[in-house]
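Overview (structure and organization)
If you want the building blocks of each chain, they are given just below.
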Amino acid sequence: MSEDKLKLPKTDKSPAVLPEQFEPMSTSLNLPLFEPKAITRKNVGTAAGFDLTPTNPAKVFGLPKKMFLEFRILSTPCSVIRDVTVETKHKLEKAKDSSSKDSRIVLTGRAGCGKSFLLHQAVQYAKSEGWIVLYIPRAKTLINSTTTYTYDLRTQTYLQPQASYRIVEKLLTVNSDALSTLTLSAPFTVGADQDKSKVQVFKEGTKLSEVAQACVKDKSFQSACGTLEVLMRELEGQTKFPVLMAIDDFQSLFHDTAYRDPFFRPIKSHHLSLPRLILEYASGKRNFAKGAFLSALTASDTQYTIPLELQDTLELGNRHPVSPYVQRSETLLQYASGLDANAGGLQNLKVPEKFSVEEAQALFEVWKDDLALTNSRHDESFMAKYVESDGNPRDFVWKGVLASYAPS
Amino acid sequence: MVHVLGKKLPDNHLARFALTQFYGVGPKTAHRLCARFQIHDKCKVKDLTPFQITSLASFLSSPATAPPIPRYPLAPPKFVSPAPTVPLSELQAKFRESQEALVKEKAALAEKGTPAKEWNDPLKSLKIESELRNQIRENIAHQRMIGSYVGRRHAMHLPVRGQNTQTNAKTAKKLNRLDRF
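The name given to chain B in an unreviewed UniProt entry is Small ribosomal subunit protein uS13m, with Candolleomyces eurysporus as the source organism. The Subcellular location (unreviewed entry) comment attached to chain B in UniProt states, word for word, "Mitochondrion". Recorded in UniProt for chain B, the comment headed Sequence similarities (unreviewed entry) runs: "Belongs to the universal ribosomal protein uS13 family."

Looking up chain A in an unreviewed UniProt entry gives the name Small ribosomal subunit protein mS29, with the organism given as Candolleomyces eurysporus. Listed under Subcellular location (unreviewed entry) in UniProt, the entry text for chain A is "Mitochondrion". Taken directly from UniProt, the Sequence similarities (unreviewed entry) text for chain A runs: "Belongs to the mitochondrion-specific ribosomal protein mS29 family."

Put into structure tokens, the structure is as follows:
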């Protein structure tokens, strides 16, 4: 094995040296590209790599933390095409020509079963198909009191200027081509509420990319909230491009936030502008003329657990018996089950808890080719790790492949 | 570098912990102060707006005389915000009218003899710096004046709360004074 060639340090003059293949950037996984035509039933159980262009949604919007850590170790960010990937692709194909009211989906399943990965695959698929994509990989950053907030009497909510600015900036970077073909359907005035001397008016017919660029240039974040609102309204009305709103950590939006009002009471998530925006699309109160709302829960977060309101409406079942007398919030139940009687509730898409053997094999080969294994008895270690992790994708990689040391 | 009431608040410090520089402000009070002026948890002192700094300074100079916090309405799920053509000044005027109506209601209830329950603002009774030191000095002086055990112990520079004196008591011997501070 390569370890045999590792020279142990004997003196300062001849220090230990890593063999060539362990040098950074020396290996690259030769994987097929993750593109729409590769997502077929035939290709279930094959790994595909993501492209590394600067406008890739993963690079611009970011990734959930655990996925980021995995991609940091791998030579090429990649994932396995599963049955449920093909199913999600079909759902998005249907959603392309219909309102997002009919395609409000929540990915659910056990911790580590691949919900965030599937959401990420959906985002990559939509981007390749020419959708406008808004991806929020860590929704809890909107509610954990890390960005500015200010009360607004017009909307009767707390606006989040800094967070809105970041979203406008990222939306523009990823979707600049699409936004430069779309135009304002009504004139838009920026800054009327703040400083009357610095009011900027955009005429009807101005490109949305220009409006967004003007907001990005204004580093005081004043115009961010208004600009984001007008961009979302325009994207709702247009039918040229389907819009995908992809939210990870969705369950965190059903908790009290870490923000406090002047009376020191925790602010509810639906009283903050960005979580409220997301909840309105989730509940069907606001819809894209063409597109979908896709979200994933995070089952492994102990601070923001999956709340009872979501457990009830999505019929997730309870690990522990829950008393019917425990109070559920009326408002949150409304958001979960649809604000409009005709909208209906959120659809539950259950991600399979286990990898199939082919899918696990594909992932095992990726790590094997990336020199993560320490012995040459691949078949034995594969079967052992698959059984030990019960096929759970996260445990298979982190507690199986990466956590075992079995010298040959 | 921001100076508030003579205290230097370093730019790179979190505002929530920089406020604990004031004598009489600990982590809990600092958190409440930040909430009062809509300063988020991870806000650094350099990111504070001039309005927030002046509001903090004017509040801390006399917490007891600070104006009451207005109770702003929060949007229910089906709320529709007014059209952009409605100026903000009109909305603010409407809000002020509603607040005045509330005050009149409260006054009417108080006259009847059934006063409305007021929220007890912990920050209203906040004392910091020289005010707090004066209060402590007065308390010790009062204990001495009435001839209590606590007063005698302060006068003798010994522990007040029943601690051992056979060993230890070093801090009491150093700090317990009648003219403490």
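Next comes the rest of the description.
**Here we look at the overall build of chain A**
The number of helices and strands found in chain A is 14 helices and 13 strands. Here the C-alpha radius of gyration of chain A, 24 Å, is about what a compact globule of 408 residues would show, namely 22 Å. Considered along the principal axes of its C-alpha atoms, chain A spans approximately 75 × 55 × 45 Å. Across the 408 residues of chain A, 52% fall into the buried class. About 19300 Å² of surface is accessible on chain A, with carbon and sulfur atoms providing 51% of the total. Counting 50 positive and 47 negative side-chain charges, chain A places the averaged centre of each group 3 Å from the other.

**Examining the sheet that holds strand β9 (residues 243-248) of chain A**
Residue and element names in this part refer to chain A. The 5 strands lie next to each other as β4-β9-β12-β3-β13, forming an open sheet whose pairing is parallel. The open sheet is flanked by β4 (132-136) and β13 (347-350), the only strands paired with a single partner. Averaged over neighbouring strand pairs, the angle between their axes works out to 20 degrees when direction is ignored. Relative to β13, strand β3 (residues 104-108) runs parallel, the two sharing 4 bridges. Within β13, the residue paired with Ile105 across the bridge is Gln347. Against the sheet, helix α4 (residues 115-128) engages β3, β4, β9 and β12 (291-296), with an angle of about 160 degrees to β9.

**Some details on the interface of chain B and chain A**
The interface of chain B with chain A comprises 32 residues on the first partner and 30 residues on the second. Buried area between chain B and chain A, both sides added, is near 2800 Å², and the carbon and sulfur share of it is 60%. When residues of chain B are sorted by the area they lose upon contact with chain A, Gln38, His40 and Pro77 of chain B head the list and together hold 24% of the total. Seen at the junction of chain B and chain A, the total is 0 salt bridges. Connecting chain B to chain A are 14 residue pairs in polar contact (both at pLDDT 80 or more). Secondary-structure elements contributing two or more residues to the side of chain B that touches chain A are α2 (27-36) and α4 (88-112) of chain B. Classifying every residue of the side of chain B that touches chain A gives 21 nonpolar, 5 polar and 6 charged.

**Notes on the packing of helix α12 (residues 357-369) of chain A against helix α14 (residues 393-401) of chain A**
Residue and element names in this part refer to chain A. Two numbers describe how α12 lies on α14: the axes approach to 11 Å, and their chain directions differ by 40 degrees. Viewed along their axes, α12 and α14 adopt a mutual orientation that is oblique. When you trace α12 past α14, the crossing you get is right-handed. Listed contacts from α14 to Ala360, Leu363, Phe364 and Trp367 of α12 are Phe396, Val397 and Val401. Of the residues belonging to the contact of α12 with α14, the class tally is 7 nonpolar, no polar and no charged.

**Details of the packing of aromatic side chains**
All names here are of chain A. Under the criterion given, the structure shown has 20 aromatic pairs over all chains. Centre to centre, the rings of Phe61 and Tyr135 are 6.4 Å apart; their planes meet at 75 degrees, and the pair counts as edge-to-face. Here Phe61 is found in helix α1 (residues 57-61), whereas its partner Tyr135 is found in strand β4, with 74 residues between them in sequence. A residue is classified by how much of its surface remains accessible, and Tyr135, at 1% relative accessible area, is buried. An angle of 85 degrees between the planes, with centres 6.0 Å apart, marks the rings of Phe382 and Phe396 as edge-to-face. In this pair, Phe382 is assigned in helix α13 (residues 378-388) and Phe396 in helix α14, connecting sequence segments 14 residues apart. Phe396 shares its class with Phe382; the two are buried.

**A closer look at the pattern of salt bridges**
All names here are of chain A. Applying the stated rule across the entire model yields 24 salt bridges over all chains. Between Arg286 and Glu229 there is a salt bridge, with its nearest N and O atoms 3.2 Å apart. Highlighted residues: Arg286 in the loop between α9 (273-283) and β12 and Glu229 in helix α8 (residues 224-237), separated in sequence by 57 residues. One salt bridge connects Arg286 with Glu236, and the closest N-O pair in it is separated by 2.8 Å. Of this pair, Arg286 sits in the loop between α9 and β12 while Glu236 sits in helix α8, and the two are 50 residues apart along the sequence. A network of salt bridges, in which partner residues are shared, links Glu229, Arg233, Glu236, Arg276, Glu280, Lys285 and Arg286.

**Notes on the environment of Thr20 of chain B**
All names here are of chain B. Looking at where Thr20 falls in the secondary structure, it is placed in the loop between α1 (15-18) and α2. Through-space distance from the C-alpha of Thr20 to that of Leu9 is 9.8 Å; in sequence the pair is 11 residues apart. Apart from residues lying up to four places away in sequence, Thr20 is in contact with Val25, Gly26, Pro27 and Ala30. Here the side chain of Thr20 touches Phe17 through a polar contact of 2.4 Å, landing on its backbone oxygen.

**Brief notes about the environment of Thr239 of chain A**
Residues and elements named next belong to chain A. On the secondary structure map, Thr239 appears in the loop between α8 and β9. By relative accessible area, Thr239 is classed as partly exposed at 48%. Separated by 226 residues in sequence, Thr239 and Lys13 have C-alpha atoms that sit 69 Å apart. With near-sequence residues (within four places) excluded, Thr239 lies in contact with Ala289 and Lys290.

Rules used in this analysis
Residues numbered from 1 in each chain as written. Chains lettered and ligands numbered in written order. Predicted model: local features only at pLDDT ≥ 70, side-chain atom pairs only at ≥ 80, totals over all residues. Heavy atoms only, no water. UniProt positions renumbered as here; feature names shortened; annotations may be inferred. Helix = DSSP H or I, 4+ residues; strand = E, 2+ residues; numbered from the N terminus. Rg over C-alpha atoms; globule rule 2.2 N^0.38 Å. Buried < 20%, exposed > 50% of the residue type's maximum accessible area, 1.4 Å probe, protein only. Areas by Shrake-Rupley, 256 points an atom, 1.4 Å probe, with all protein chains shown as cover. Lys, Arg positive; Asp, Glu negative; His and termini not counted. Charge placed at Lys NZ, Arg CZ, Asp CG, Glu CD. Pairing = 2+ DSSP bridges. Axes fitted to C-alpha atoms, helices over the stretch in contact; angles between N-to-C directions. Contact = heavy atoms within 4.5 Å. Buried area = accessible area lost by both parts, 1.4 Å probe. Salt bridge = Lys/Arg side-chain N within 4 Å of Asp/Glu carboxyl O. Polar contact = N/O pair within 3.5 Å; in protein donor to acceptor, adjacent residues only side chain to side chain. Nonpolar A, V, L, I, M, F, W, Y, C, P; charged D, E, K, R; others polar. Parallel < 35°, antiparallel > 145°, perpendicular 65-115°, else oblique. Left-handed = near helix turned anticlockwise from the far one by under 90°. Phe/Tyr/Trp six-rings, centres within 6.5 Å; stacked < 30°, edge-to-face > 60°.

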